[in-house]
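# Observations on the three-dimensional arrangement
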Amino acid sequence: MPDIIQLLPDHVANQIAAGEVVQRPASVVKELLENAIDAGATNIKLLLKDAGKTLIQVIDDGKGMSVTDARMSFERHATSKIQKAEDLFNLCTKGFRGEALASIAAIAHVELKTKQAQEELGTCLKIEGSNIISQDFISTGKGTSIAVKNLFYNIPARRNFLKSDTVETRHVIDEFQRVALAHPSISFLLHHNDNEVYHLKSCNLRKRIVSIFGIKMNEKLVPIDEQTDILNIEGFVAKPEFAKRKRGEQFFFVNNRFIKSSYLNHAVVNAFDGLLEQGAHPSYFLYLTVPANTIDINIHPTKTEIKFDNEKALYAMLRATVKHSLGQYNVAPVLDFNRDANLDTPYHFNATASAAKAPKIIVDPNFNPFKEEKNTASQSNYKPQKQTESWESLYTSVAVDTSEKQEVLFDNQQEIDTKKTFQIQRKYVLSSIKSGVVLIHQSLAHQRILYEDFLESITVKEANSQQLLFPVKISFSSKEIEMIYTIKTELENAGFSFDEFTKDSVTIKGIPVSVTESKITIILEELLSDIDLELPDASFSHFDVMAKSFAKTLSIKTGTQLSEKEQEALVNDLFSCKEPSISPFGKATFKTLTLNEIDNLFTS
């Protein structure tokens, strides 16, 4: 029987490794940025085209590579970070496996330019699918520039599985933010399709957080600083009143490396116990420094999971530190939740409190409240009702009142008989039909109506836009500005009109007719949050997400009182929809109860 096990060629092995290391453009961005940091760069530029699908280029001013190192860097398991197995337990660099560049070169066109400070000429290396096309000497500046073009060009299936440019851009920005937050002393620049998204200068940690997430973040931050023998904690947590409904701004860094840890997250959430609303998540930027030999990083391809020697001690310290900072800065109440500080007795009153005298009581023995006073200034203005002329008139008035009440009651009964709809608990609308009654959930029904209206106006007919008398300027983070810019065309089709885009704000001069000016910010924030959920990519997905987001934000909420005309309009509009039975999010909008089912309720 012939042998069947054989050694795979290097380019096949590289493509297999690339499946773990390179999942999307953001994976390439992460690896290249970390290599630039390990090279000692102080200025790093990231250039993108088409969310990284066409081009990802990282330029740094690090120490560069020699001719031999440039060639060796694309070999599998070739690295300058470690030399022996023991080094894995004392890592001080971002990378250490030596797989990233080999994996990237296997599935893209790569052009590397690098030069060391003491050399006169640098090296230019071009690789396509693990094959070296050319290697030349060039004149270039100190440092390294690596351009990754046409990602997944030789794996069409992987390229087709990539999401839309908006979603992929969000992932790239997420990775960029994590690296930039971990190294505030390094200057970062991010350009996407020739638009500057971030220009982060070297600064302290607080300024770096504010420059990434917007000026509004500055007032939300509560500083954290704790030094112990086994753990140092510093960073910031956001005040409880700024907690969000999504887990967006939650960052853990261990030895300047971004990690994900549900265990440590639970410690932070536990510190906020009693301060957050149900379903709210605190924001935090926490930097943990531990001895390198007490952690294991080599357990996941993305290096975002870490094993600690003593997790329970870290949990207790982290929880206590966050709780202490919240109390120290008067964010959390200390003892009495209901105490009003304004009612506390000042210290200087304590000495005189014992000398207080009982008040004197003066009694007027001649005061008689039943005594009649004639012709006095304090005579009451009360005028008794005119007495009825005879005892028969008492019954007459009662008879009149009774007949009037019966007429009113009859009128109300007539109104009930002729009324077509009823609102129940300001949540449901009950309407009668030939076969029985139908119970409609007013909020879900209105969502379906608005959803189909918006979808039709966005995709089929031109949406009506109302111009604002004064343009509205709304502040967003650079990441959110970039997301809005990528869906600018779809928003304009929906009825929005934009005047100006800056790095941290958007000026809106026109809005859809069905949108009020006060809800512009809410709508855009909800829309960005919904896009952030990463729906499957389709040519229709952006329109669908926008229509769902608008419908959810603008729909009638539970607890809203509806007039009779509004109830009837809701019923008529709902049953004019193409899919009246379900909301845009798959929930039932109404339930029908037939006459037979109603009869059975009383006969059983």
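Up top is the structure.
Let me begin by describing the structure that accompanies this report. (Residues numbered from 1 in each chain as written. Predicted model: local features only at pLDDT ≥ 70, side-chain atom pairs only at ≥ 80, totals over all residues. Heavy atoms only, no water.)

### Some thoughts on the pattern of salt bridges
The final tally for this structure, using the stated rule, is eight salt bridges. With a shortest N-O distance of 3.1 Å, Arg 24 and Glu 168 are connected by a salt bridge. Placement of the pair is Arg 24 in the loop between α1 (10-21) and α2 (25-38) and Glu 168 in helix α6 (residues 165-182), with a sequence separation of 144 residues. Taken individually, Arg 24 and Glu 168 each receive the classification buried, so the pair is uniform in this respect. Glu 111 is the partner of Lys 149 in a salt bridge, and the nearest nitrogen-oxygen pair spans 3.7 Å. Linking Lys 149 in strand β6 (residues 143-149) with Glu 111 in strand β3 (residues 109-115), this pair joins segments that are 38 residues apart in sequence. Its relative accessible area of 35% is what places Lys 149 among the partly exposed residues. Looking at Glu 111, the relative accessible area reads 18%, which means it is buried. (Salt bridge = Lys/Arg side-chain N within 4 Å of Asp/Glu carboxyl O. Helix = DSSP H or I, 4+ residues; strand = E, 2+ residues; numbered from the N terminus. Buried < 20%, exposed > 50% of the residue type's maximum accessible area, 1.4 Å probe, protein only.)

### Quick notes on the packing of aromatic side chains
Per the stated rule, a full pass over the model turns up 15 aromatic pairs. An angle of 55° between the planes, with centres 5.1 Å apart, marks the rings of Phe 575 and Phe 590 as tilted. Note that Phe 575 is positioned in the loop between α17 (564-574) and β22 (590-594) and Phe 590 in strand β22, a separation of 15 residues in sequence. Among the aromatic residues, those joined into a cluster by ring pairs are Phe 213, Phe 251, Phe 253, Phe 258, Phe 285 and Tyr 287. (Phe/Tyr/Trp six-rings, centres within 6.5 Å; stacked < 30°, edge-to-face > 60°.)

### Remarks on the sheet that holds strand β9 (residues 221-227)
The pairing of strands in a sheet happens through backbone hydrogen bonds and is either parallel or antiparallel. The strand order across the open sheet formed by five strands is β9-β10-β13-β11-β12, and the pairing between neighbours is mixed. Looking at strand neighbours, the two that pair on one side only are β9 and β12 (257-259), the edges of this open sheet. The mean inter-strand angle of the sheet, taken between neighbouring strand axes irrespective of direction, is 20°. Note that strand β11 (residues 250-254) and strand β13 (residues 284-289) share five bridges and pair parallel. Looking across to β13, one finds that Val 254 is bridged to Leu 288. Against the sheet, helix α7 (residues 205-213) touches β9, β10 (232-238), β11 and β13, its axis set at about 35° to β10. (Pairing = 2+ DSSP bridges. Axes fitted to C-alpha atoms, helices over the stretch in contact; angles between N-to-C directions. Contact = heavy atoms within 4.5 Å.)

Without other data, these values stay purely geometric and don't point to any function.
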